[in-house]
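Tertiary structure, described
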Amino acid sequence: MNTILPGAPWLIAHRSMLGINKPYKVTLNGQDYVLWQNDRGEVFGLDNVCPHMQAPLSNGWICQERDTITCPFHALEFDGEGRLHREGKRDTQPLSRSLKLTVIGDFIWTYDNCEPRVPIPDIVQNIAAEYDFIGIAGEKTIRSDFLSTWLINSDFNHQNGTHRELFQIVQNQMTEFDKDGYWYQVKQESTRANNSLGEIFSNPVLLTLPKILKSTVEYFFPSVLVLYAESGIGPFAQVVVQYPQQNDRTKIYELIFGKFKFAGMKPLFRQSMLKAIDVVVEQDSMAIETRYPSQLAKIKLPNEEVMAYAEKLYKEW
Ligand code: FES
Ligand SMILES: [Fe+2]
């Protein structure tokens, strides 16, 4: 496949996704890689194809003394540069390609070995410095191209259809739209109907959401977008991460941050919050995956200029 948006910085993992000395497989732009992290926090990334007989290295295991990955097929060992380790000796030349990574705090970025075209946005470090990390939610591969997946999060009319069941949003008003190159931002006010007791029982976090939910969505095309809102238990920030796996497969996950008013509330609402976000991502992916092939739209809704702006950024990359 052709590289999608070459030179874009992709946030391929949060450190907590990797574990310690465990292989973690990533598919980016049609290519499989294996990542692993040692107990000193160093992260390595390598082509997942073993240069001997092409077994997937991510099914192998890590040698923590040598920071190497061992192939599951014939147990050959490679370091993070792709050099073979044998009988206590290390080859000088790599046999396989490493994935160049930029690790900033807990965030693992890559340009997919392309020439950088836009800087890595510092928003995620800023949020991590200001908020508590709550957890990861909504991690999945959506059976869709990158642009369609990005566009649903720039679509300010889908809340009352796609997400009507969970949040009971009946109306959504966009109050501001600002843009500056690859950055754009929307402020919105969503009016919610009452949740049923059953919905509240299975998702107690719904109780903390006001009837008129004001939120800001800040986009750092094409790597991440952040939704900021205020709930009854304090402000939270949802970092939505996307990267292209294949032409028709897009990876999505969300990093959830919050500032709870009382520390004791974190365990109480953590699970419920992550679960609600899982549901949101499921609803979005259902909407994207069940669409028929695109045609020229015969109807226009208000606020679609945000989607048009994102589409322009994609097409003019
Ligand atoms: S295929 Fe990897 S060691 Fe043989
Ligand atoms: Fe959505």
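The protein chain goes by Rieske (2Fe-2S) protein in an unreviewed UniProt entry, where it is assigned to Chamaesiphon polymorphus CCALA 037.

Before going further, it helps to examine the coordination of the iron ion (ligand 2). Summarising the metal site, the iron ion (ligand 2) is bound by the protein donors H158 (NE2), H163 (NE2), D284 (OD) and D284 (OD), whose distances to it range over 2.1 to 2.6 Å. One can describe the donor arrangement at the iron ion (ligand 2) as irregular, given that its four donor atoms subtend angles of 54 to 140° at the metal. In terms of primary sequence, the donors binding the iron ion (ligand 2) are separated according to H-x4-H-x120-D. Each member of the pair H158 and H163 is classed as buried.

This next bit is on helix α2 (residues 123-130). All buried positions along α2 are accounted for by I123, V124 and I127. One face of α2 carries all of its buried residues, which in axial projection span an arc of 95°. Contacts made by the buried residues of α2 are with β1 (10-14), β11 (107-110), β15 (212-220), β16 (224-231), β17 (234-246) and β18 (249-258).

What follows concerns the pairing of β1. Most of β1 is tucked away, with five of its five residues classed as buried. Two strands pair when backbone bridges link them, and β1 and β11 are joined in this way by four bridges, in the antiparallel orientation. Residue pairing for β11: L11 is matched across the bridge by W109.

Moving on, we come to the UniProt feature "domain: Rieske" (unreviewed entry) in the protein chain. Per the UniProt annotation, the sites labelled "domain: Rieske" (unreviewed entry) are residues 10-110. With 4% helix and 48% strand, residues 10-110 has its two end C-alpha atoms placed 5 Å apart.

So, on to the packing of aromatic side chains. Across all of its chains, the model carries 14 aromatic pairs by this definition. Ring centres of Y184 and Y309 lie 5.5 Å apart, and the angle between their planes is 80°; on these two criteria the pair is classed as edge-to-face. With Y184 in strand β14 (residues 183-192) and Y309 in helix α8 (residues 305-315), this residue pair connects regions lying 125 residues apart in the sequence. For Y184, a relative accessible area of 0% corresponds to the buried category.

Right, let's talk about the sheet that holds strand β9 (residues 89-94) for a bit. What the five strands build is an open sheet, ordered β5-β6-β7-β8-β9; its pairing is antiparallel. The open sheet is flanked by β5 (61-63) and β9, the only strands paired with a single partner. The average angle at which neighbouring strand axes cross in this sheet is 35°, direction not considered. Here strand β7 (residues 77-79) runs beside strand β8 (residues 83-86); their pairing, made up of two bridges, is antiparallel. Bridging from a neighbouring strand, F78 pairs with L84 of β8.

Rules used throughout
- Residues numbered from 1 in each chain as written.
- Chains lettered and ligands numbered in written order.
- Predicted model: local features only at pLDDT ≥ 70, side-chain atom pairs only at ≥ 80, totals over all residues.
- Heavy atoms only, no water.
- Donors = N, O, S within 2.8 Å, 3.2 Å for Na, K, Ca; no water.
- Tetrahedral: all angles 85-135°; square planar, octahedral: opposite > 155°, others 65-115°.
- Buried < 20%, exposed > 50% of the residue type's maximum accessible area, 1.4 Å probe, protein only.
- Helix = DSSP H or I, 4+ residues; strand = E, 2+ residues; numbered from the N terminus.
- Arc of directions from axis to C-beta.
- Contact = heavy atoms within 4.5 Å.
- Pairing = 2+ DSSP bridges.
- UniProt positions renumbered as here; feature names shortened; annotations may be inferred.
- Phe/Tyr/Trp six-rings, centres within 6.5 Å; stacked < 30°, edge-to-face > 60°.
- Axes fitted to C-alpha atoms, helices over the stretch in contact; angles between N-to-C directions.

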